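# Report on the structure
Next come the chains, spelled out residue by residue.
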Amino acid sequence: MSDTADEQTRKAAEALAHSAGFGNEHSSEAVPGALPHGRNSPQRAPLGLYAEQLSGTAFTEPRHTNRRSWLYRVRPSAAHPPFTRTGNGNISSAPFTDSVPDPNRLRWSPLPEPPEGTDFVAGLWTLGGNGDVTQRTGMAVHLYAANASMTDRVFSDADGELLIVPERGALLLRTEFGLLRAEPGHVALIPRGVRFRVELLEGTARGYVCENYGQPFTLPELGPIGANGLANARDFLAPVAAYEDVERPVEVVNKFCGNLWSATYDHSPLDVVAWHGNLVPYVYDLRRFNVIGSISYDHPDPSVFTVLTSPSDTPGLAAVDFVVFAPRWLVGEDTFRPPYFHRNVMSEYMGLIEGAYDAKAEGFLPGGGSLHNMMSAHGPDRETFDRASAAELRPQKVDDGLAFMFETRWPVTTTERARTADHLQPGYDDVWQGLERHYRR
Ligand SMILES: O=C(O)Cc1cc(O)ccc1O
Ligand SMILES: [Fe+2]
């Protein structure tokens, strides 16, 4: 008896091989001899494959930012029927114009369960964002909730790269470059335009997506930290080549300038037998993050927790940073240890992958999220403030949660759907009520 689709997903996810490193030249062939040697585009590519370049940066960008890969495939991507518009579901794109940017602090509970048969693409739900897809600037925050694998359907996003942050349910990502497994606590990145399919390893899945319209995420500079630390390049795992030779109708959904377009191919475009290059999908286990912090006094700024950064044209000013609050020791002397009260020119969307977050005693839930827009005042809730102000300052391990932040240079405009959602929490402001006056003269 042949395996069910779910069994095929599970078996495929076992013992995956990877190619390690960030920004380096990878190469991989699923069939020996499929990669040409000494040139990218020989007169006839090996094994009758088609050679095709995928450019993630302009041809002429400087070497240290240039990203491209060469794919050797059964059929060239160019062999496809026309795309036609299809429904956008709950996906929207920048510029976000259906509501005005809001200075209020907003918080959402997790997405409700989706209807039966919702796959990753159908389960995407846009919360908001900034910039403009047609200008390749800015970002969108999406959530997803799915209970079905994509079958005979693949997705690609011309508008940006997708940083997927699973919160519930492991994912098998079948990409043009091969297979990746991403479970809660990992992040996965799919470069702009790369075709992929999401299969569910646990029946249901939930999480967050940062769609980055701008420059690709890269590792932050380390400056005085030195040659090692934060996210180490060797812990980023690209797939090895794996292809499917499928000659039956496959729907390709293409997100282009804010809309979904669909075409039904007569074959699967996940037909890359070999590839090489530095533009690759990857996964990263957030628990590998080397957390740097204060070993004397004061709470450091969260920039020190940056995993990945999408630079802007201004040095030091990120279009968007991906920041993780991973388990760590707090040892600061005479220090208020949780996140401080602050107002930030950058806008902060936060999510929770597991457990709790040290600035919020309750209400900030795994699968939920908060938005503290440009200059909005926030910080520890009353309970956290009272507790941390009175705490005995012994070395303390913070290891009861895994939270993250998409921190962006432009204010985040929420979609009408996010503003009117049942799971938008009323009364979020109240967490800062009752902070007593202690000042006496
Ligand atoms: O608002 C937040 O919780 C995120 C955050 C964490 C921190 O440690 C310092 C500043 C900051 O914005
Ligand atoms: Fe903050």
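Residues numbered from 1 in each chain as written. Chains lettered and ligands numbered in written order. Predicted model: local features only at pLDDT ≥ 70, side-chain atom pairs only at ≥ 80, totals over all residues.

## Describing the overall build of the chain
A tally of helices and strands in the chain yields three helices and 28 strands. Expressed along its principal axes, the backbone C-alpha trace of the chain runs to roughly 85 × 45 × 45 Å. Taking all 441 residues of the chain together, the buried fraction comes to 44%. Expressed as a percentage of contacts within the chain between residues at least 6 apart in sequence, the contacts between residues at least 24 apart total 79%. (Helix = DSSP H or I, 4+ residues; strand = E, 2+ residues; numbered from the N terminus. Buried ≥ 20, exposed ≤ 12 C-beta atoms within 10 Å, placed from the backbone. Contact = placed C-beta atoms within 7 Å.)

## Notes on the domain arrangement of the chain
Buried accessible area, meaning the area lost when the parts come together, often serves as the stated size of an interface. By the assigned domains, the chain splits into domain 1 (5-38 + 45-286) and domain 2 (289-425). Computed over C-alpha atoms only, the centres of domain 1 and domain 2 are separated by 26 Å. Those elements that place two or more of their residues in the side of domain 1 that touches domain 2 are β6 (106-108), β7 (124-132), β8 (137-146), β10 (161-168) and β15 (205-212). Residue composition of the side of domain 1 that touches domain 2, by class: 24 nonpolar, 18 polar and seven charged. (Domains from an automatic or database assignment. Nonpolar A, V, L, I, M, F, W, Y, C, P; charged D, E, K, R; others polar.)

## Let's talk about unusual backbone geometry
The omega angle of the peptide bond from Ala94 to Pro95 is 5°, so this bond is cis rather than trans. You can see Pro95 is positioned in the loop between β5 (84-85) and β6. The backbone phi angle of Arg136 is positive, close to 55°, even though this residue is not glycine. Of note, the phi angle at Cys257 is positive, near 50°, even though the residue is not glycine. Relative to the assigned elements, Cys257 resides in the loop between β17 (250-256) and β18 (259-265). C-beta crowding within 10 Å serves as the criterion here: with 11 such atoms nearby, Cys257 is assigned to the exposed category.

## Let's talk about the UniProt feature "domain: Homogentisate 1,2-dioxygenase N-terminal" (unreviewed entry) in the chain
On the UniProt side, "domain: Homogentisate 1,2-dioxygenase N-terminal" (unreviewed entry) is annotated at positions that read residues 19-286 here. Between the first and last C-alpha atoms of residues 19-286 the distance is 18 Å; the span itself is 0% helix and 41% strand. (UniProt positions renumbered as here; feature names shortened; annotations may be inferred.)

## A look at the pairing of strand β9 (residues 153-157)
A large share of β9 lies buried, amounting to four of its five residues. The sheet contact formed by β9 and β17 spans five bridges and is parallel. The residue bridging Val154 from the neighbouring strand is Val252, located in β17. (Pairing = 2+ DSSP bridges.)

## With respect to the environment of Val320
Summarising the element assignment, Val320 is placed in strand β22 (residues 318-325). Here Val320 falls in the buried class, since 33 other C-beta atoms lie within 10 Å of it. It is 7.5 Å that separates the C-alpha atoms of Val320 and Met139, two residues lying 181 residues apart in sequence.

## Considering the nonpolar core
Among the nonpolar cores identified, the biggest contains 106 residues, and Tyr72, Leu163 and Phe404 are the most heavily contacted of them. Among residues more than four places away in sequence, those in contact with Leu163 are Val187, Leu189, Val209, Cys210, Asn212, Phe217 and Phe322. (Core = buried A, V, L, I, M, F, W, Y, C linked by C-beta atoms within 7 Å.)

## Remarks on the site of ligand 1
The environment of ligand 1 is formed by His299, Pro302, Pro339, His342, Asn344, Glu348, Ala359, His372, His378 and Met405. Class assignment of the residues belonging to the shell around ligand 1 gives a composition of four nonpolar, five polar and one charged. (Near = placed C-beta within 6 Å.)

## Regarding the sheet that holds strand β24 (residues 347-355)
Reading across the sheet, the six strands line up as β6-β25-β24-β27-β22-β21 and stay open at both edges, with antiparallel pairing between neighbours. Here the strands that pair on one side only, and so sit at the sheet edges, are β6 and β21 (306-311). Ignoring which end each strand starts from, the neighbouring axes of this sheet average 15° apart. Summarising the sheet, β21 and β22 pair through five bridges and their orientation is antiparallel. (Axes fitted to C-alpha atoms, helices over the stretch in contact; angles between N-to-C directions.)

## Quick word on the UniProt feature "binding site: homogentisate" (unreviewed entry) in the chain
Mapped onto the present numbering, the UniProt feature "binding site: homogentisate" (unreviewed entry) falls at His378. Mapped onto the secondary structure, His378 falls in the loop between β25 (369-372) and α2 (382-390). For His378, a count of 22 C-beta atoms within 10 Å translates into the label buried. Sequence-distant contacts of His378, defined by excluding residues within four places in its chain, comprise Arg105 and His372.

## Notes on the confidence of the model for the chain
Residues with a pLDDT of 70 or more make up 100% of the chain, whose mean pLDDT is 97. On the interface metric, ipTM, the complex scores 0.98, and its pTM is 0.98. (pLDDT = per-residue confidence, 0-100.)

## A short note on the environment of Ser303
If you trace the backbone, Ser303 turns up in the loop between β20 (282-285) and β21. Judged by local crowding, Ser303 falls into the partly exposed class, with 14 C-beta atoms found within 10 Å. Between the alpha carbons of Ser303 and Ala58 there is a distance of 29 Å; along the sequence they are 245 residues apart.

## Remarks on the sheet that holds strand β2 (residues 26-29)
The four strands are arranged β2-β19-β4-β3 in an open sheet whose pairing can be described as antiparallel. Both outer strands of the open sheet, β2 and β3 (50-55), are each paired with one neighbouring strand and no more. Averaged over all neighbouring strand pairs, the angle between strand axes comes to 20°, with direction disregarded. Inspection of the sheet shows β2 paired to strand β19 (residues 272-277) by four bridges, in the antiparallel sense. Looking at β19, one finds that Ser27 is bridged to His276.

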